[in-house]
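Understanding the architecture of this molecule
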Amino acid sequence: MADLWSKISAVLPLSEEQFPLQFSDKVESSVVEMLQRCRQQLYSPSTRSSRILNAQIVIDFSWEKLNMGTWRDVDKEWRCVYSYGCLFKASALCREDPSEGEILEAVKTCDMGLLMGAAIMDDLLQVMVGILQREVRKPAEEEDRGQPQAKRVKMELPRVPVIKEEQAVPRIRCPSLESFNTNHLLPLRPVILEGIIDHWPALNQRPWSLEYLRSVAGCRTVPVEVGSRYTDEEWSQTLLTVNEFIDRFIVHKDGEEALGYLAQHQLFDQIPELKEDIRLPDYCCLGEGEEDDITVNAWFGPGGTVSPLHQDPQQNFLAQVVGSKYIRLYSPEDSDKLYPHQSQLLHNTSQVEVEHPDSDRFPSFSSAPYLDCVLQPGEVLFIPVKHWHYVRSLELSFSVSFWWS
Ligand SMILES: O=C(O)CCC(=O)C(=O)O
């Protein structure tokens, strides 16, 4: 670890004078002074504990500001202050021959800044966490976790629904852009595209096994959904490392424990190694939006995770990388038979439990026509804008969805 600090200091500004710290008067002068003190300590002798203490004061103070009121009302300057606090703390942890535990704490600190703060200094936290991660990263084959994965991942017999031919989502193999546009995009018709992601490294050179995910992302802190479905009362969100998520919800999952779902749109920005394993589907170019506006989401979890029936305001390519999923689709024309929640927050979500509908409360549901499928690794489902979709994973599963317009 001896040269870790030289790698970190190489990406920091050369001197205190070149280190920007500019805030408007929305940020109290006492906080700006504390930030300046942290900056000074970065470039002059000081004790480790004093560096960490001052950075922690900045983190704790700005954390309060981030948690006041609703997230969209949080001023971006406070998110920047939080990121600076994380940057100073992570730097302090990595000086002077840090232990592996201290480096892991620095990784977590950077991740908190990436998740809750705002980008500062050309995304310096992202650069730093890349350096730190390489320091603690073990190649997949070096991992020794005892028995082979298949024996330790809890195997459940999935309830695999029978797909009737007349309501199966149609399938096509590598259509031309023109044919996809004419037959599916313009008329907004769902379809399963086969053979269009066969070249992804995630399905070839770097298959997304648990060991591989642990090796590229194990020490990274990510938001996790805990609970069977986001409409349940006891559903909650928490922050866990990818290793903790796998240990708690996948490898040692026992029947009584809540389900956990790593379902989020920041994962690929946070962990660029995973982004390098996937590609944007070519068909996204048929949209009117810019490539940068495409949202790429990760959906990683054990068998049994459910995304309740809901609709989204964009076109969607849902690509299956690991495991299989049962998916049911309803047209937006049948929304009145699907009983959306009344509240503003959940108005895009149906109240009906799709596979166990309460026909007394929701009598019209059974008359709504639908298409369904079991999506297998290597297949991509086109879910047209506003089409209602219900998803249940049949086994350990990792999917990637692309929301585009
Ligand atoms: O795979 C899932 O659980 C949900 C996917 C989804 O809802 C989406 O991509 O919009």
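Above this text sits the structure in question.
So, here is what we can say about the structure in this document.

So, about the sheet that holds strand S8 (residues 315-322). Across the sheet, which stays open at both edges, the 9 strands sit in the order S1-S2-S11-S8-S13-S6-S5-S3-S4 with mixed pairing between neighbours. Lying at the two open borders of the sheet, with one neighbouring strand each, are strand S1 (171-173) and strand S4 (236-241). Within the sheet, the average angular offset between the axes of one strand and its neighbour, ignoring direction, is 25°. In this sheet, strand S2 (residues 191-194) lies alongside S1 in parallel orientation, the contact comprising 3 bridges. Bridge pairing links Arg173 to Glu194 in S2. On top of the sheet, helix H10 (residues 242-251) reaches strand S3 (221-226), S4, strand S5 (260-264) and strand S6 (295-301); it is set at about 120° to S4, its chief contact.

In the structure shown here, the tally under the stated rule is 3 cavities of 30 Å³ or more. Together, Tyr261, Trp299, Ser307, His310, Asp312, Asn316, Leu318, Lys325, His389, Val391, Ser401 and Trp403 line the largest cavity. Put simply, the parts of the chain that give the lining of the largest cavity at least two residues each are strand S7 (306-310), S8, strand S12 (388-393) and strand S13 (397-404). When grouped by side-chain class, the residues that make up the lining of the largest cavity number 5 nonpolar, 5 polar and 2 charged.

Another point: the site of the ligand. Taken together, Tyr261, Trp299, Ser307, His310, Asp312, Asn316, Lys325, His389, Val391, Ser401 and Trp403 make up the full set of residues adjacent to the ligand. At 2.6 Å, a side-chain N or O of Tyr261 approaches an oxygen atom of the ligand. Here an oxygen atom of the ligand and a side-chain polar atom of Ser307 are 2.6 Å apart. Contact with the protein chains removes 100% of the 290 Å² of surface that the ligand exposes when unbound. Comparing atom positions with the cavity grids shows the ligand to sit within the largest cavity. Those elements that place two or more of their residues in the shell around the ligand are S7, S12 and S13. Residue classes in the shell around the ligand are distributed as 4 nonpolar, 5 polar and 2 charged.

Here we come to the environment of Lys275. In this fold, Lys275 is placed in helix H12 (residues 272-275). Sequence-wise, Lys275 and Leu375 are 100 residues apart; in three dimensions their C-alpha atoms are separated by 21 Å. Among all residues touching Lys275, those that are not within four sequence positions of it are Phe268 and Asp269.

The next thing to look at is the pairing of S8. Judged by how many residues are buried, S8 sits mostly within the fold: 7 of 8 residues are covered. In this sheet, S13 lies alongside S8 in antiparallel orientation, the contact comprising 7 bridges. Bridging across to S13, Asn316 finds its partner in Trp403. Relative to strand S11 (residues 379-383), S8 runs antiparallel, the two being bridged by 4 bridges. The partner of Leu318 across the bridge, within S11, is Leu381.

Moving on: the packing of helix H3 (residues 48-66) against helix H5 (residues 100-116). The geometry of H3 relative to H5 is characterised by a closest axis approach of 13 Å and an angle of 30° between their N-to-C directions. Between H3 and H5, the crossing angle belongs to the class labelled roughly parallel. You can see that H3 and H5 cross each other, and the crossing is left-handed. On the side of H3, the interface is formed by Arg48, Ile59, Trp63 and Leu66, while H5 contributes Glu102, Thr109, Met112 and Met116.

Quick notes on the rules
- Residues numbered from 1 in each chain as written.
- Predicted model: local features only at pLDDT ≥ 70, side-chain atom pairs only at ≥ 80, totals over all residues.
- Heavy atoms only, no water.
- Pairing = 2+ DSSP bridges.
- Helix = DSSP H or I, 4+ residues; strand = E, 2+ residues; numbered from the N terminus.
- Axes fitted to C-alpha atoms, helices over the stretch in contact; angles between N-to-C directions.
- Contact = heavy atoms within 4.5 Å.
- 1 Å grid on protein atoms, 1.4 Å probe; cavity = no way out; pocket = protein on both sides within 12 Å on 5 of 7 lines; lining within 4 Å.
- Points joined across faces, edges and corners; volume = space filled by probe spheres on them.
- Nonpolar A, V, L, I, M, F, W, Y, C, P; charged D, E, K, R; others polar.
- Near = heavy atom within 4 Å.
- Polar contact = N/O pair within 3.5 Å; in protein donor to acceptor, adjacent residues only side chain to side chain.
- Areas by Shrake-Rupley, 256 points an atom, 1.4 Å probe, with all protein chains shown as cover.
- Sits in = over half its atoms within 2 Å of the grid points.
- Buried < 20%, exposed > 50% of the residue type's maximum accessible area, 1.4 Å probe, protein only.
- Parallel < 35°, antiparallel > 145°, perpendicular 65-115°, else oblique.
- Left-handed = near helix turned anticlockwise from the far one by under 90°.

Fair warning: the whole summary comes from geometry, so function is off the table for now.
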